[in-house]
Amino acid sequence: MKHLLSFITILVLTATNIFAQQTVNQEPTMADKMYEDGRIYVVVAVVATIFAVIIVYLINMDSKISKLEKQIKK
Amino acid sequence: MNIKKNWWKALSVLLLMYVMIWGFIGVIPRQPVLHETARNLYFHVPMWFAMFSMFGVSTWYSVKYLQNPLIEFDDKASEYANTGIIFACAGLITGSIWARFTWGVWWTNDVKLNGAAIGLLIYFAYIVLRGSFKDEQQRAKISAIYNIFAIALLIPLLIILPRLSDSLHPGAGGNPGFKPMDTAGTMRKVFYPAGLGWILLATWITNLRLRIKALERIQEENL
């Protein structure tokens, strides 16, 4: 377990190093591949879902408070 | 839900949903160092817009309280400040993450960063101050005065000083518009709705907290 953890840590650390050592091209590198493959839509779907869930939660809370307000006014 | 009364909540959701989708799919200009992280503009900067709006409204109610000491003005001042602090924390953390991958470090001695940190501490002190009074009237009055001083410090710390000195933030020593970077204006179409959307969402959250507080007050009176 310990070995696995340290292995993952090293992996993550080297990965970030590789990202940091991007060479300076004439054209700034963008996530073109990701957009070409169309996989970015997966991320968009995930973010949109999370946001939708939070909003549903807020709306729910809003209506619960409205109900309480009505009860107390009676 | 009553649409006539709550249209702004729906507007906030629509705007932010558009930002969440178009923020990733929309085309952005190619820039060195920033690369795709430029999209953070749609998420990091609106946090500060929301924070400033919340603190602004909070100060407005503090002034109103000093003119006319109604406890509901104090409630509003404190709840708007609370939401503002949440958004300031979000802005600070997201900024730190962005800095790590573009400037190379989690924190730099950039004027805007330190200004934001000091500003946040000033507002933390506001919460501590509020908690240190037992008498409601006294708490309301003194924290209202403190709140006005707080925003009077926050504006130079975040808006004026960073423009006067060198900063890693865009527009140091000038106006932080993104005209030179985004000539086609593709980012503006997402950025402005994002700002408005987050301000409205922050208002909604505060609105919920205020309604809970009002209910608590009614309950206290009935006990």
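Residues numbered from 1 in each chain as written. Chains lettered and ligands numbered in written order. Predicted model: local features only at pLDDT ≥ 70, side-chain atom pairs only at ≥ 80, totals over all residues. Heavy atoms only, no water.

Colleague: How should I be thinking about the overall build of chain B in this particular structure?
Modeller: Scanning chain B for helices and strands turns up six helices and zero strands. For chain B, the sequential pattern of α-helices and β-strands runs α-α-α-α-α-α. Along the first, second and third principal axes, the C-alpha set of chain B runs to 60 × 40 × 25 Å. Split into buried and exposed, the 223 residues of chain B put 46% on the buried side. Long-range pairs, those at least 24 residues apart, make up 74% of the contacts in chain B with a sequence separation of at least 6. Across chain B, the centroid of the 21 positively charged side chains sits 8 Å from that of the 13 negatively charged ones. (Helix = DSSP H or I, 4+ residues; strand = E, 2+ residues; numbered from the N terminus. Buried < 20%, exposed > 50% of the residue type's maximum accessible area, 1.4 Å probe, protein only. Contact = heavy atoms within 4.5 Å. Lys, Arg positive; Asp, Glu negative; His and termini not counted. Charge placed at Lys NZ, Arg CZ, Asp CG, Glu CD.)

Colleague: Would you explain the overall build of chain A in this entry?
Modeller: Check the secondary structure of chain A and you find three helices and zero strands. The order of α-helices and β-strands along chain A, N terminus first, is α-α-α. Counting only carbon and sulfur atoms, one obtains 67% of the accessible surface of chain A, whose full area is about 6,400 Å². (Areas by Shrake-Rupley, 256 points an atom, 1.4 Å probe, with all protein chains shown as cover.)

Colleague: Honestly, the pattern of salt bridges in this entry has me stumped. Any pointers?
Modeller: It is possible for side chains bearing opposite charge to pair when their charged atoms get close. In this structure the tally under the stated criterion is ten salt bridges over all chains. One salt bridge in this structure joins Lys9(B) and Asp62(A), with 2.7 Å as the shortest N-O distance. Taken together, the residues Lys9(B) in helix H1 (residues 3-25) and Asp62(A) in helix H3 (residues 40-73) connect one chain to another. The same class applies to Lys9(B) as to Asp62(A), namely buried. Close ionic contact of Lys213(B) with Glu79(B) constitutes a salt bridge, the shortest N to O distance being 3.6 Å. Of this pair, Lys213(B) sits in helix H6 (residues 188-222) while Glu79(B) sits in helix H3 (residues 71-102), and the two are 134 residues apart along the sequence. (Salt bridge = Lys/Arg side-chain N within 4 Å of Asp/Glu carboxyl O.)

Colleague: I keep staring at the packing of aromatic side chains and nothing clicks. Help me out?
Modeller: Here the distance between the centres and the angle between the planes together describe a pair of aromatic rings. Residue and element names in this part refer to chain B. By the definition in use, this model includes nine aromatic pairs over all chains. With a centroid separation of 6.1 Å and an interplanar angle of 15°, the aromatic rings of Tyr61 and Tyr80 are classed as stacked. Here the residue Tyr61 occupies a position in helix H2 (residues 41-67), and Tyr80 occupies one in helix H3, the gap between them amounting to 19 residues. Accessibility assignment for this pair places Tyr61 and Tyr80 in one class, buried. Here a set of aromatic residues connected by ring pairs shows up, and it is made of Phe24, Tyr42 and Phe43. One cation-aromatic arrangement involves Arg100 over Phe101; the distance from NZ or CZ to the ring centre is 5.3 Å. (Phe/Tyr/Trp six-rings, centres within 6.5 Å; stacked < 30°, edge-to-face > 60°. Lys NZ or Arg CZ within 6 Å of the ring centre and 35° of its normal.)

Colleague: Would you mind going over the nonpolar core with me for this structure?
Modeller: Burial of nonpolar side chains together is a common tendency in soluble globular proteins. Grouped together as the largest cluster of nonpolar side chains are 59 residues, with contacts concentrated most on Tyr42(B), Met51(B), Phe55(B), Trp198(B) and Trp204(B). The set of elements that each furnish at least two residues to this core consists of H3 of chain A together with H1, H2, H3, helix H4 (111-131), helix H5 (136-164) and H6 of chain B. The element best represented in this core is H2(B), accounting for twelve residues. Sequence-distant contacts of Phe55(B), that is, excluding residues within four places in its chain, are made with Ala81(B), Gly84(B), Ile85(B), Tyr123(B), Ile151(B) and Leu154(B). (Core = buried A, V, L, I, M, F, W, Y, C linked by side-chain atoms within 4.5 Å.)

Colleague: Looking at this structure, I do not really get the interface of chain A and chain B. What am I missing?
Modeller: When the parts come together, some accessible area is lost, and that loss is often what is quoted as the size of the interface. Between chain A and chain B, the contact holds 25 residues from the first and 25 residues from the second. With both chains or domains summed, chain A and chain B bury close to 2,500 Å², and 76% of this area falls on carbon and sulfur atoms. Among the residues chain A hides against chain B, the three largest losses belong to Met30(A), Phe51(A) and Asp62(A). Together they make up 25% of the total. Along the contact surface separating chain A from chain B lie three salt bridges. The interface formed by chain A and chain B contains five residue pairs in polar contact (both at pLDDT 80 or more). Looking at the side of chain A that touches chain B, the elements with two or more residues in it are helix H2 (32-37) and H3 of chain A. A per-class count over the side of chain A that touches chain B returns 18 nonpolar, three polar and four charged. (Buried area = accessible area lost by both parts, 1.4 Å probe. Polar contact = N/O pair within 3.5 Å; in protein donor to acceptor, adjacent residues only side chain to side chain. Nonpolar A, V, L, I, M, F, W, Y, C, P; charged D, E, K, R; others polar.)

Colleague: Looking at this structure, how should I read a nonpolar patch on the surface?
Modeller: All names here are of chain A. Where nonpolar side chains cluster on the molecular surface, the patch consists of Val42, Val43, Val46, Ile50 and Ile54 and spans about 420 Å² of accessible area. Looking at where Val42 falls in the secondary structure, it is placed in helix H3. On the basis of relative accessibility, which here comes to 51%, the residue Val42 falls in the exposed class. (Patch = residues over 30% accessible without salt bridge, like charges linked within 9 Å, V, L, I, M, F, W, Y side chains within 5 Å.)

By themselves, these figures tell us nothing about what the structure is for.
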